[in-house]
Amino acid sequence: GAGVSQSPSNKVTEKGKDVELRCDPISGHTALYWYRQRLGQGLEFLIYFQGNSAPDKSGLPSDRFSAERTGESVSTLTIQRTQQEDSAVYLCASSLATTDTQYFGPGTRLTVL
Amino acid sequence: AQKVTQAQTEISVVEKEDVTLDCVYETRDTTYYLFWYKQPPSGELVFLIRRNSFDEQNEISGRYSWNFQKSTSSFNFTITASQVVDSAVYFCALSEAPGGSEKLVFGKGMKLTVNP
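Everything numeric here is computed off the predicted structure, so don't read it as measured data.

Chemist: Help me understand unusual backbone geometry, please; the structure alone is not making it clear to me.
Modeler: Residues apart from glycine generally show negative phi values, whereas peptide bonds are mostly found in trans. A cis geometry characterises the amide bond from A:S7 onward to A:P8, with omega recorded as -10°. Along the chain, the position of A:P8 falls in the loop between β1 (5-7) and β2 (10-13). Positive phi, normally seen in glycine, also occurs at A:E72, with a value near 50°. With respect to the secondary-structure elements, A:E72 resides in the loop between β7 (65-69) and β8 (75-79). By relative accessible area, which is 47% here, A:E72 ends up partly exposed. Phi at B:K16 takes a positive value of approximately 85°, unusual for a residue other than glycine. With a relative accessible area of 71%, B:K16 lands in the exposed category.

Here's what the structure looks like:
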C-alpha cells in the first residue's frame with residue numbers, strides 16, 4: 001500500500017516568510033509525528049498527534065512553529081516568520097497506534113535564504 | 001532523561017567485510033522499545049527492526065543481526081558480508097513504554113560507506 005507522503009519535497013523561502021509543510025500518513029494510522037533533521041544530525045522530535053489532538057508538543061522549538069491535523073488524516077506543519085536556522089529536512093512519520101513502529105515519509109527539505 | 005549514543009560517526013569498509021554499528025542507550029524505564037532505521041542517500045528512513053525491553057534474544061535477518069544486552073544497555077547491529085547497497089546512514093532510536101512519551105529519541109547516526 002501507499003506509504004507516508006509529504007509535500008512539497010523541496011521548499012526554498014526567504015527569511016521572514018511563512019511556510020506550510022504537508023504530511024499524508026498511511027491510511028488507517030491513528031498516530032502521526034513530526035521530526036526535524038538538521039544537516040548531518042539525528043532527528044529531533046517536534047510534535048505528535050493521536051487522532052486530531054496533540055498530546056505532546058514539547059519539541060516545537062518556538063511559538064513560530066505550529067501544527068494541526070484534521071480528519072485523523074492529513075497534517076500541516078506551519079512555520080511563521082522563517083529564520084535561517086529553520087533550514088532542515090522535516091520528516092513526518094505515522095504508526096497504527098502510538099505504541100507501534102513509526103514509518104517515515106521522504107521529508108521536505110526547507111531552505112531559508 | 002532518555003539518550004541514545006552512537007559513538008561511531010563514520011565507517012568505511014570494503015565489500016564483503018563484516019561491520020558492527022554500536023548503540024548505547026539510557027533510560028529510567030523498565031519497559032521501552034529500541035529501533036534501527038536506515039537512511040540511504042535518497043533520504044527516506046527505512047525501518048529495520050523494533051525490539052522491546054523484555055526480549056533480549058538476538059535476532060538475525062539475512063545478512064543483518066542484532067545483539068541486545070540490557071546489562072550494558074547496548075543494542076548493536078552487525079552487517080555480515082557488506083554490500084555497496086548497504087551504504088547509508090544508520091540510526092538507533094529509543095521510545096518509552098506506552099503511556100509515556102511516544103516520541104522516538106534518535107542517536108546522531110552512523111554513516112557507513114561500503115566500497116567495491
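Chemist: Can you walk me through the packing of aromatic side chains in this structure?
Modeler: Given two aromatic rings, one states the distance between the centres and the angle between the planes to describe the pair. Scanning all chains against the criterion turns up 20 aromatic pairs over all chains. Summarising the aromatic geometry, the rings of A:F104 and B:Y37 are spaced 5.2 Å apart at their centres and angled 85° between planes, so their arrangement reads as edge-to-face. With A:F104 in strand β10 (residues 103-104) and B:Y37 in strand β5 (residues 32-39), this pair bridges two chains. We note that A:F104, like B:Y37, is buried. Relative to B:F77, the ring of B:W36 has its centre 5.3 Å away and its plane inclined at 50°; by these criteria the two rings are tilted. Of this pair, B:W36 sits in strand β5 while B:F77 is found in strand β9 (residues 74-79), placing the two residues 41 residues apart along the sequence. A relative accessible area of 0% places B:W36 in the buried class. Here the aromatic cluster, defined as three or more aromatic residues joined through ring pairs, consists of A:Y33, A:Y35, A:F45, A:Y48, A:Y103, A:F104, B:F35, B:Y37, B:F47, B:F91 and B:F106. Over the ring of B:Y33 we find B:R50; its NZ or CZ atom is 4.1 Å from the centre of that ring.

The rules behind each value
Residues numbered from 1 in each chain as written. Chains lettered and ligands numbered in written order. Predicted model: local features only at pLDDT ≥ 70, side-chain atom pairs only at ≥ 80, totals over all residues. Heavy atoms only, no water. Helix = DSSP H or I, 4+ residues; strand = E, 2+ residues; numbered from the N terminus. Buried < 20%, exposed > 50% of the residue type's maximum accessible area, 1.4 Å probe, protein only. Phe/Tyr/Trp six-rings, centres within 6.5 Å; stacked < 30°, edge-to-face > 60°. Lys NZ or Arg CZ within 6 Å of the ring centre and 35° of its normal.

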